[in-house]
Amino acid sequence: MNQPIRTRVVVVGAGPAGLLLTHLLDRAGIDTVLLENRSPDYVLGRIRAGVLESSSVDLLTEVGLGDRIHAEGDEHRGIYLHWPGEKHHLDFVDHVGRSVWIYGQTEVTKDLMAARERAGQQSYYEVADVTLHDVDTDRPAVSFTDADGTPRRVEAEAVAGCDGFHGPSRGALPDDVRRTWERTYPYAWLGVLADVAPSTDELIYSWHPDGFALHSMRSATVSRLYLQVRPDEDLAQWPDDRVWEALATRLGHGEDGWTLQSGPITEKSVLPMRSFVATPMRHGRLFLAGDAAHIVPPAGAKGLNLAIADVCLLARALTAWLVDGSPGLAESYSDDALRRVWRCTHFSWWMTSMLHTTGDPFDEQLQLSQLRWVTTSEAAAAGLAENYAGLPIGF
Ligand code: RFL
Ligand code: PHB
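Residues numbered from 1 in each chain as written. Chains lettered and ligands numbered in written order. Predicted model: local features only at pLDDT ≥ 70, side-chain atom pairs only at ≥ 80, totals over all residues. Heavy atoms only, no water.

### A closer look at the overall build of the chain
So, step 1. Looking only at helices and strands, the chain has 11 helices and 23 strands in total.
So, step 2. Relative to a compact globule of 395 residues, whose C-alpha radius of gyration would be 21 Å, the chain shows 21 Å and is just as compact.
So, step 3. Seen along its three principal axes, the alpha-carbon backbone of the chain occupies a region of about 70 × 45 × 40 Å.
So, step 4. Evaluated residue by residue, the chain yields a buried proportion of 56% over its 395 residues.
So, step 5. Accessible surface computed for the chain: about 16300 Å², of which carbon and sulfur atoms make up 48%.
So, step 6. Of the charged side chains in the chain, 35 are positive and 54 negative, and the gap between their average positions amounts to 4 Å. (Helix = DSSP H or I, 4+ residues; strand = E, 2+ residues; numbered from the N terminus. Rg over C-alpha atoms; globule rule 2.2 N^0.38 Å. Buried < 20%, exposed > 50% of the residue type's maximum accessible area, 1.4 Å probe, protein only. Areas by Shrake-Rupley, 256 points an atom, 1.4 Å probe, with all protein chains shown as cover. Lys, Arg positive; Asp, Glu negative; His and termini not counted. Charge placed at Lys NZ, Arg CZ, Asp CG, Glu CD.)

Structure, rendered in structure tokens:
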């Protein structure tokens, strides 16, 4: 084992939560070491979220990471809600004065990795055997094996567990401290990325008796589309023609002259769906953020935005504590973050329940009634808009 590496905060996981946290701490003059078990190319190649709330864009802009979002992203005023024979635009700007931005998580990650590179701080990719030690003492540490096979140890004043749902950080909370809440759903999404211009100016969320469908996008030439499928769905049963046919049916091809353009599919995968919250998000000197602490189903477009909101609160808390000597925000971090986490958990569950068919005719009538309500009642539409466009980070 080499000499221990000393730093102020060791950050486990180089997803959006971990990378953004290191950037915010760097701006506050706090040194960090970043540990990631995958390669930079693997992290950059993952196709995930596509929608940024206005508060996420505001934060990224404020910390010098907004240039490409504003140049290459696409600002959307709202979304379409569609079900057979009906299509309604819900305008968030009219309802709550806030928009959302289409800017893929891969692009956010690229910007954050470039910022990390510029900061010149230590990052270790392709590490193994990451283990957290002594998080309930004032000398926490993380041991790991680096990409060359050398065992190493980082000693710090705090550990940030930003290592996603499958990382080791959450497990470092003692069993008698950690509490979890979970819901799994009896469906999944089949997601495709296609080289075709989007057939819509803003996202279409579509209810259909065959199952939910979503038309999203990544750019003027790349579309991202999803179909509700069974959790154990076999991708081999979904050749491209079948995917496009199902999308056309569910999204309303031919209704009021609207057509869905198809094109070459470049990626296809099945995404399982769950709601999950682990508390507390802080134990001793370990702080959890993003998917390490919570997972939402994607229909509310919240996963990435929640990760950003968590680390914004966490960076403020760690800065107040490590720079100004005020531990108050670090002590309240878990409660402060969880208020927003539970709001987004509820909203994501609510959107999911409204849009995914279950095969139960009673559920179907409730869903259609709810869709009519959110598209005709000002109050209901404003509620959806407020949650989708995003609550303020300090909510
Ligand atoms: P991430 O992005 O999972 O990053 C965690 C990082 O930790 C690394 N890691 C480790 N590092 C060191 N040692 C270990 N032992 C480690 N174990 C894991 C991982 O390699 C990874 O780099 O979590 P973070 O930063 O909290 O960010 C959260 C968001 O990524 C996530 O909420 C969203 O992407 C969720 N999500 C989606 N959200 C949306 O809003 N819209 C979407 O369309 C959407 N699609 C998705 C998604 C999540 C997916 N996953 C996780 C299965 C599609 C997928 C496939
Ligand atoms: C996406 O573009 O991947 C996306 C957009 C909205 C969602 C989920 C995923 O609700």
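### Focus: the site of ligand 1
So, step 1. Around ligand 1, the structure places 29 residues, and the nearest of them are E36, R46, R48, Q105 and D291.
So, step 2. One nitrogen or oxygen atom from the main chain of A17 is found 2.9 Å from an oxygen atom belonging to ligand 1.
So, step 3. Contact distances for ligand 1 include 3.2 Å between an oxygen atom and a backbone N or O atom of G303.
So, step 4. Taking 1000 Å² as the accessible area of ligand 1 by itself, protein coverage stands at 83%.
So, step 5. Contributions of two or more residues to the shell around ligand 1 are made by helix 1 (16-27) and helix 8 (303-322).
So, step 6. Of all the elements, helix 8 adds the most residues to the shell around ligand 1, at 3 residues.
So, step 7. Tallied by class, residues from the shell around ligand 1 come to 14 nonpolar, 8 polar and 7 charged. (Near = heavy atom within 4 Å. Polar contact = N/O pair within 3.5 Å; in protein donor to acceptor, adjacent residues only side chain to side chain. Nonpolar A, V, L, I, M, F, W, Y, C, P; charged D, E, K, R; others polar.)

### Considerations on the site of ligand 2
So, step 1. Near ligand 2 lie 14 residues; those nearest to it are Y205, S216, R218, Y226 and P298.
So, step 2. One nitrogen or oxygen atom from the side chain of Y205 is found 2.7 Å from an oxygen atom belonging to ligand 2.
So, step 3. Residue R218 places a side-chain N or O atom 2.7 Å away from an oxygen atom belonging to ligand 2.
So, step 4. Where the shell around ligand 2 is concerned, the elements lending two or more residues are strand 17 (213-217) and strand 18 (223-229).
So, step 5. When the residues that make up the shell around ligand 2 are grouped by side-chain class, the tally is 9 nonpolar, 2 polar and 3 charged.
So, step 6. Of the domains in this structure, domain 1 (5-51 + 105-181 + 275-356) and domain 2 (186-273 + 359-369) are the two that each give at least three residues to the shell around ligand 2. (Domains from an automatic or database assignment.)

### Some words on the packing of aromatic side chains
So, step 1. Going through the model one piece at a time under the given rule, you end up with 13 aromatic pairs.
So, step 2. Look at F347 and Y388: their rings are 6.5 Å apart centre to centre, the planes differ by 90°, and that puts the pair in the edge-to-face class. Of this pair, F347 sits in helix 9 (residues 328-355) while Y388 sits in helix 11 (residues 378-389), placing them 41 residues apart in sequence. Like F347, the residue Y388 is buried in the burial classification.
So, step 3. Here a set of aromatic residues connected by ring pairs shows up, and it is made of F92, W189, Y205, F212, Y226, F347, W350 and Y388.
So, step 4. Across the ring face of Y80, the terminal group of K87 is positioned such that the distance to the ring centre comes to 5.2 Å. (Phe/Tyr/Trp six-rings, centres within 6.5 Å; stacked < 30°, edge-to-face > 60°. Lys NZ or Arg CZ within 6 Å of the ring centre and 35° of its normal.)

### A word on the nonpolar core
So, step 1. Grouped together as the largest cluster of nonpolar side chains are 74 residues, with contacts concentrated most on V9, L20, L21 and L52.
So, step 2. If you look at the next biggest cluster of nonpolar residues, it comprises 35 residues, including L81, V100, L203 and Y388. (Core = buried A, V, L, I, M, F, W, Y, C linked by side-chain atoms within 4.5 Å.)

### Focus on the side chain of S223
So, step 1. Within the element layout of this structure, S223 appears in strand 18.
So, step 2. What S223 contacts, discounting residues up to four positions off in sequence, is V192, L193, A194, V196, A197, P198, H215, S216 and M217. (Contact = heavy atoms within 4.5 Å.)

### Observations concerning the domain arrangement of the chain
So, step 1. Here the domain parsing of the chain yields domain 1 (5-51 + 105-181 + 275-356) and domain 2 (186-273 + 359-369).
So, step 2. The interface is formed by 15 residues belonging to domain 1 together with 14 residues belonging to domain 2.
So, step 3. When domain 1 packs against domain 2, the two sides together hide about 1300 Å² of surface, and 64% of this comes from carbon and sulfur.
So, step 4. Along the contact surface separating domain 1 from domain 2 lie 0 salt bridges.
So, step 5. In the side of domain 1 that touches domain 2, the residues fall into 10 nonpolar, 4 polar and 1 charged. (Buried area = accessible area lost by both parts, 1.4 Å probe. Salt bridge = Lys/Arg side-chain N within 4 Å of Asp/Glu carboxyl O.)

### Comments concerning the side chain of H294
So, step 1. As for its position among the elements, H294 is in strand 23 (residues 294-295).
So, step 2. In this structure the side chain of H294 is engaged in a polar contact, spanning 2.6 Å, whose partner is the side chain of D310.
So, step 3. Sequence-distant contacts of H294, that is, excluding residues within four places in its chain, are made with F276, V277, M281, L306, D310 and V341.

### Overview of the pairing of strand 6 (residues 78-83)
Regular strands place their side chains on alternate faces of the sheet.
So, step 1. Most of strand 6 is tucked away: 6 of the 6 residues are buried.
So, step 2. Of the strand pairs in this sheet, strand 6 and strand 7 (residues 86-91) are connected by 6 bridges, and their pairing is antiparallel. Along strand 7, the bridge assignment pairs Y80 with H89.
So, step 3. Where strand 6 folds back onto strand 7 in an antiparallel hairpin, the turn is made up of 2 residues, including G85, whose phi is positive at roughly 85°.
So, step 4. In the sheet, strand 6 pairs with strand 16 (residues 204-206) via 3 bridges, with the strands oriented parallel. Following the sheet pairing, H82 is matched in strand 16 by S206. (Pairing = 2+ DSSP bridges.)

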